[in-house]
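A structural walkthrough
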Amino acid sequence: MSETAEEYGPFPPSPEFSQQAVGQKSLYEEADADREAFWAKQARERLTWAKDFDEVLDWSEAPVAKWFVGGELNVAYNCADRHVEAGNGDRVALHFVGEPGDERDITYAELTELVQKAAGALKAAGVEKGDRVALYLPMIPEAVISMLACARLGAVHSVVFGGFSSDALRTRIADGEAKVVITADGGYRRGKPSALKPAVDEAVSGETTVQKVIVVKRTGEETEMTDKDVWWDDALEAAEPATEYEAFDSEHPLFILYTSGTTGKPKGIFHTTGGYLTQAAYTNAVVHDVHPGEDVYWCTADVGWVTGHSYIVYGPLANGVTQVLYEGTPDSPHQGRWWEIVQNKKVSIFYTAPTAIRTCMKWGKEIPAEYDLSSVRVLGSVGEPINPEAWMWFRDNIGEGSAPIVDTWWQTETGAIMMSALPGVTSLVPGSAQAPVPGITADVVDEEGKSVGNGETGYLVIRDPWPSMLRGIWGDLQRYKDTYWSRFEDMYFAGDGAKRDEDGNIWVLGRVDDVMNVSGHRLSTSEIESALVSHDAVAEAAVVGAADETTGQAVCAFVILREEARDQAADDDKREELVQAMRTHVGKQIGAIAKPKTILVVDELPKTRSGKIMRRLLKDVAEGREAGDATTLADPSVMEKIQAGLKK
Ligand code: 6R9
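Everything numeric in this text was worked out from a predicted model, so none of it was measured.

**Re the site of the ligand**
Taken together, 17 residues lie around the ligand, and Asp407, Thr408, Thr412, Asp496 and Arg511 are the ones closest in. In the environment of the ligand, a nitrogen atom lies 3.5 Å from a nitrogen or oxygen atom belonging to the backbone of proline 385. In the model, a nitrogen atom of the ligand is placed 2.7 Å from a nitrogen or oxygen of the aspartate 407 side chain. When the free accessible area of the ligand is taken as 530 Å², the share hidden by the protein chains comes to 92%. Secondary-structure elements contributing two or more residues to the shell around the ligand are α11 (306-319), β20 (405-408) and β25 (506-511).

Below, the structure written as structure tokens:
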């Protein structure tokens, strides 16, 4: 495979940045010398333990790890109270920006008080240590407060993305046997209130484990309340605040989070306390280069997926960071909304997803150019491989042409960032997640589990246990072992394909199930997508391998055109010309083998709420089938639109 991306970079860090960077080269040396001592130091320096641990790692029951054995701590205390005790109570924890334009700043002192009150309300609702609480909320401060309130009591939260259907909520409630649900009357989306409570009513109707539903008033729309329901404000007011807290065992469960599985029952990935918080706090510090009290940090993820857990709630709040919490979409009420917030709040660290960056590219660089983005000094990317063009665009148009971009590879299962450059330390290679962070041992191996050499492709694995690793799939230990620990002996298999380039940098190629085999050649969907997106006319692209009689699989591409190319594509002949040009372009970038057999011009792509393209559905279309279950899409009607468009 050719290395198209290597025309860009590497970009060495600037001396000014390096001088102030949290990450240091010595971290790699320290971790290599003694990994467990390295993690013990991170755990002790970054967190406050009520009782120190006496063993760093117990791997005797592999693949279920125990980290910081014997240690005890309270996560909510670490994320709130202790910052007040340290004299930082007046520091803003959350700059909340609602979609309709309402704003609310919450200091660490206020956050602490709210968490104590909410924990009191949960207690009054019968929640005890170990009980599960389902959260189904918009991106409002109460989502953060609720998570911490659960943690304060040692209750296990299960956040269900606010856009999921009542069916999805019901299965997740049932799987985790949740006792209480926290929800809201609704939230704002694209300028309109959008109700949430009716979905909860449906999900808890009939036989259910749920005894109480706490409802935040966000939109004030008419909302039916049942016997089970209580308003958040009333519940907080009536309850005795939980000012005291208990310290829990380092391995006490903290949360369950369901991954959007490809088939079958959703997987309840479950995480515990001490190791998770250690790695979330450590990576947030060294990868995002946060300087608490100075930086304004913004992670655009939703708390409904793991990035929101680790990099809105736990990592940043454990570190005492000031951050933006935004309720809405990037284009409401206008396409400059994000940049307006960056300007107004002086955001210095901005962490988002490649799909969002490509969407902004599609809207045009004139839009961010209207705002003063000079506060930005670090950019981050997560969720899928970032194509080098999007990387360059991000740096040039949002990062003033100089901000380091950290491309962070990790998973719901890994709990926290596993691979990334360290800004100020590493030279950056656009498009590559590069190398494991200090303390992590990632590798690329062949079918037999042997490390591949430079220039070779294989499977991404993690060799040694890490603090924030999942401790299992809720209620299904065997499935945990089968899914992650059976492909290779003694190694965690991440499910991703990867390549080591000539310099040893690791390039994540996407899920192995997204790797195609065309005439015996292994091709990565993301590599072809990246090539397509580097064509002037293309804004976004999704590639699938469609069954083909001759070649095994054939490359089928779905592309969204940039604004300027759209008029041209309205004419059939011109569109055909454009499609041919794109094929030639891919051929040039990667090789003739990668040329898409079919390129379909579409207006939208099917995406999950976390912004991942659901290639499975596109594969159905490419193979001439009726598209499968589309209920987990951000907009379930997208598939109908694509199919209708193709029939024209
Ligand atoms: C954090 C998150 C995990 C999967 C993962 C991989 C893809 C995430 C990536 C990336 C390339 C990156 N992925 N970050 N691929 N480069 N920087 O996204 O968790 O939703 O569980 O997804 O996402 O395929 O295996 P999750």
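Next comes the rest of the description.
**Observations concerning the domain arrangement of the protein**
Domain annotation of the protein identifies domain 1 (3-498) and domain 2 (519-647). One C-alpha centre belongs to domain 1, the other to domain 2; they are set 31 Å apart. Here domain 1 and domain 2 share an interface that buries about 1,800 Å² over both sides, 53% of which is from carbon and sulfur atoms. The tally of links from domain 1 across to domain 2 stands at one residue pair in polar contact (both at pLDDT 80 or more). The class makeup of the residues in the side of domain 1 that touches domain 2 is seven nonpolar, nine polar and five charged.

**What to know about the environment of leucine 470**
Along the chain, leucine 470 falls in the loop between β22 (457-462) and β23 (472-473). Overall, the relative accessible area of 0% leaves leucine 470 in the buried class. C-alpha separation for the pair leucine 470 and isoleucine 642, spaced 172 residues apart in sequence, amounts to 37 Å. Setting aside chain neighbours within four positions, we find leucine 470 in contact with Ile269, Phe270, His271, Glu413, Tyr480, Tyr484 and Tyr492.

**Examining the UniProt feature "domain: Acetyl-coenzyme A synthetase N-terminal" (unreviewed entry) in the protein**
Residues annotated in UniProt with the feature "domain: Acetyl-coenzyme A synthetase N-terminal" (unreviewed entry) correspond here to residues 25-79. In this annotation, residues 25-79 is assigned 45% helix and 18% strand; the end-to-end C-alpha distance for the span is 28 Å.

**What about the environment of methionine 614?**
Within the fold, methionine 614 resides in the loop between β30 (598-601) and α20 (615-622). The exposure class assigned to methionine 614 is buried, which follows from its relative accessible area of 11%. On a C-alpha basis, the gap between methionine 614 and threonine 632 in space is 9.3 Å, while along the polypeptide they are 18 residues apart. Residues in contact with methionine 614, not counting those within four places in the same chain, are Pro606, Thr608, Thr632 and Leu633.

**Observations concerning the confidence of the model for the protein**
In the predicted model, the protein carries a mean pLDDT of 92, and 96% of its residues have values of at least 70. Contacts for the low-pLDDT stretch residues 1-6, under 50 throughout, to residues beyond four places or in other chains number 16 contacts. For this predicted complex, the interface score ipTM comes out at 1.00, while the overall pTM is 0.85.

**Thoughts on the sheet that holds strand β21 (residues 442-445)**
Strand order in the open sheet formed by four strands is β21-β22-β24-β25, and the pairing between neighbours is antiparallel. Two strands close off the open sheet at either side, each with one partner strand: β21 and β25. Neighbour-to-neighbour, the strand axes of this sheet turn through a mean angle of 45°, independent of strand direction. With five bridges joining them, β22 and strand β24 (residues 492-500) adopt antiparallel strand pairing. Bridge assignment links threonine 457 to a residue of β24, and that residue is lysine 499.

**Section: the packing of helix α4 (residues 75-88) against helix α6 (residues 141-153)**
Helix-helix packing: each pair is described by the crossing angle between the helix axes and the interaxial distance. The N-to-C vectors of α4 and α6 enclose an angle of 125°; their axes lie 7 Å apart at closest approach. Here α4 lies oblique to α6, going by the angle between them. Along this stretch, α4 crosses α6, giving a crossing that reads as left-handed. Residues Val75, Ala76, Tyr77, Cys79 and Asp81 of α4 touch α6, and the partners they reach there are Leu148, Ala151 and Arg152. Tallied by class, the residues present in the contact of α4 with α6 amount to six nonpolar, no polar and two charged.

So, how was this worked out
Residues numbered from 1 in each chain as written. Predicted model: local features only at pLDDT ≥ 70, side-chain atom pairs only at ≥ 80, totals over all residues. Heavy atoms only, no water. Near = heavy atom within 4 Å. Polar contact = N/O pair within 3.5 Å; in protein donor to acceptor, adjacent residues only side chain to side chain. Areas by Shrake-Rupley, 256 points an atom, 1.4 Å probe, with all protein chains shown as cover. Helix = DSSP H or I, 4+ residues; strand = E, 2+ residues; numbered from the N terminus. Domains from an automatic or database assignment. Buried area = accessible area lost by both parts, 1.4 Å probe. Nonpolar A, V, L, I, M, F, W, Y, C, P; charged D, E, K, R; others polar. Buried < 20%, exposed > 50% of the residue type's maximum accessible area, 1.4 Å probe, protein only. Contact = heavy atoms within 4.5 Å. UniProt positions renumbered as here; feature names shortened; annotations may be inferred. pLDDT = per-residue confidence, 0-100. Pairing = 2+ DSSP bridges. Axes fitted to C-alpha atoms, helices over the stretch in contact; angles between N-to-C directions. Parallel < 35°, antiparallel > 145°, perpendicular 65-115°, else oblique. Left-handed = near helix turned anticlockwise from the far one by under 90°.

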